[in-house]
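# Inside the fold
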Amino acid sequence: MVALGAALLVPGCSPGAGDATTQADAGRAIVTIESGASRHMFKVEVARTPEEQKRGLMFRTDIAADGGMLFAPYPPEGGGPQEASFWMRDTPMPLDIIFIRADGTIANIAENTLPFADDPVRSDGPVAAVLEINGGRAAELGISPGDRVRW
């Protein structure tokens, strides 16, 4: 298990690769979450390298309502889905951390994580990606485990 500071972890798969959601440049992506009959789109930064994933959203004080960060691939060295763990050290804003399985469905969501906390936040089993968005946003939009995620 790898611990990352305020970072999302994304394994080496990209659900929906090649579709319209992947048209952004290398450092950004559009992530779509299908929740029942609703669709929610986020314009996020992509953390691909170990350095980018280690830094994550540390020190950020302003994230757009439809912004966030996608950690892909997870782990950055490859090897496929695995359990993800990270902390909120040096992260001044609460985040919702969405853990995504290799099949593109949400495994679990750590909602409103505590800023500056060193306690690990973990996935419920192996994941291929992680999406960080503003704290409380998942509940506000009705996003829940089992929903489908594409980018």
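Attention here is on the structure that accompanies the text. Keep in mind that what you see is a predicted model, and the values were worked out from it rather than measured. (Residues numbered from 1 in each chain as written. Predicted model: local features only at pLDDT ≥ 70, side-chain atom pairs only at ≥ 80, totals over all residues. Heavy atoms only, no water.)

## Brief notes about the overall build of the protein
- Within the protein, the secondary structure is distributed over 2 helices and 10 strands.
- Written out in order from the N terminus, the α and β elements of the protein read β-β-β-α-β-β-β-β-β-β-α-β.
- Within the protein, buried positions represent 48% of all 151 residues.
- A fraction of 74% describes how many contacts in the protein between residues 6 or more apart in sequence connect residues 24 or more apart.
- In the structure as shown, the protein presents an accessible area of about 6,700 Å², 51% of it carried by carbon and sulfur atoms. (Helix = DSSP H or I, 4+ residues; strand = E, 2+ residues; numbered from the N terminus. Buried < 20%, exposed > 50% of the residue type's maximum accessible area, 1.4 Å probe, protein only. Contact = heavy atoms within 4.5 Å. Areas by Shrake-Rupley, 256 points an atom, 1.4 Å probe, with all protein chains shown as cover.)

## Observations concerning the side chain of Ser-123
- Along the polypeptide, Ser-123 turns up in the loop between β8 (121-122) and β9 (129-134).
- At a separation of 2.9 Å, a polar atom in the side chain of Ser-123 contacts the main-chain amide nitrogen of Ala-84.
- Of note is the side chain of Ser-123, whose polar atom sits 2.7 Å from the backbone oxygen of Gly-125.
- Among all residues touching Ser-123, those that are not within four sequence positions of it are Glu-83, Ala-84, Phe-99 and Asn-108. (Polar contact = N/O pair within 3.5 Å; in protein donor to acceptor, adjacent residues only side chain to side chain.)

## Let's talk about the nonpolar core
- The biggest cluster of nonpolar side chains holds 19 residues, and the ones touching the most others in it are Val-31, Ile-33, Leu-70, Ile-98, Leu-131 and Ile-143.
- If you list the elements that add at least two residues to this core, you get β2 (28-35), β3 (38-47), β6 (95-100), β7 (106-110) and β9.
- The next biggest cluster of nonpolar side chains, apart from the first, holds 18 residues, and it includes Ile-63, Phe-71, Phe-86 and Val-127. (Core = buried A, V, L, I, M, F, W, Y, C linked by side-chain atoms within 4.5 Å.)

## Observations concerning the packing of aromatic side chains
- Under the criterion given, the structure shown has 1 aromatic pair.
- Between Phe-86 and Phe-99 the ring centres are 6.3 Å apart and the planes differ by 45 degrees, which places this aromatic pair in the tilted class. With Phe-86 in strand β5 (residues 84-87) and Phe-99 in strand β6, this pair connects stretches of sequence that are 13 residues apart.
- Owing to a relative accessible area of 0%, Phe-86 belongs among the buried residues under this scheme.
- Accessibility expressed as a relative area gives 0% for Phe-99, which makes it buried. (Phe/Tyr/Trp six-rings, centres within 6.5 Å; stacked < 30°, edge-to-face > 60°.)

## Re the sheet that holds β6
- Taken together, the 7 strands give an open sheet; going across it, the order is β7-β6-β9-β4-β3-β2-β10, and neighbouring strands pair in mixed fashion. Either end of the sheet is taken by a strand with one partner, and the two such strands are β7 and β10 (148-150). Geometrically, the sheet is characterised by an average inter-axis angle of 30 degrees between neighbouring strands, direction not taken into account.
- In this structure, β3 lies alongside strand β4 (residues 69-71), joined through 3 bridges in parallel fashion. Its bridge partner lying in β4, Ala-47 is registered against Phe-71. (Pairing = 2+ DSSP bridges. Axes fitted to C-alpha atoms, helices over the stretch in contact; angles between N-to-C directions.)

## What about the environment of Pro-94?
- With respect to the helices, strands and loops of the structure, Pro-94 is situated in the loop between β5 and β6.
- Relative accessible area serves as the criterion here: at 33%, Pro-94 is assigned to the partly exposed category.
- What Pro-94 contacts, discounting residues up to four positions off in sequence, is Asn-112, Thr-113, Pro-115, Asn-134 and Gly-135.

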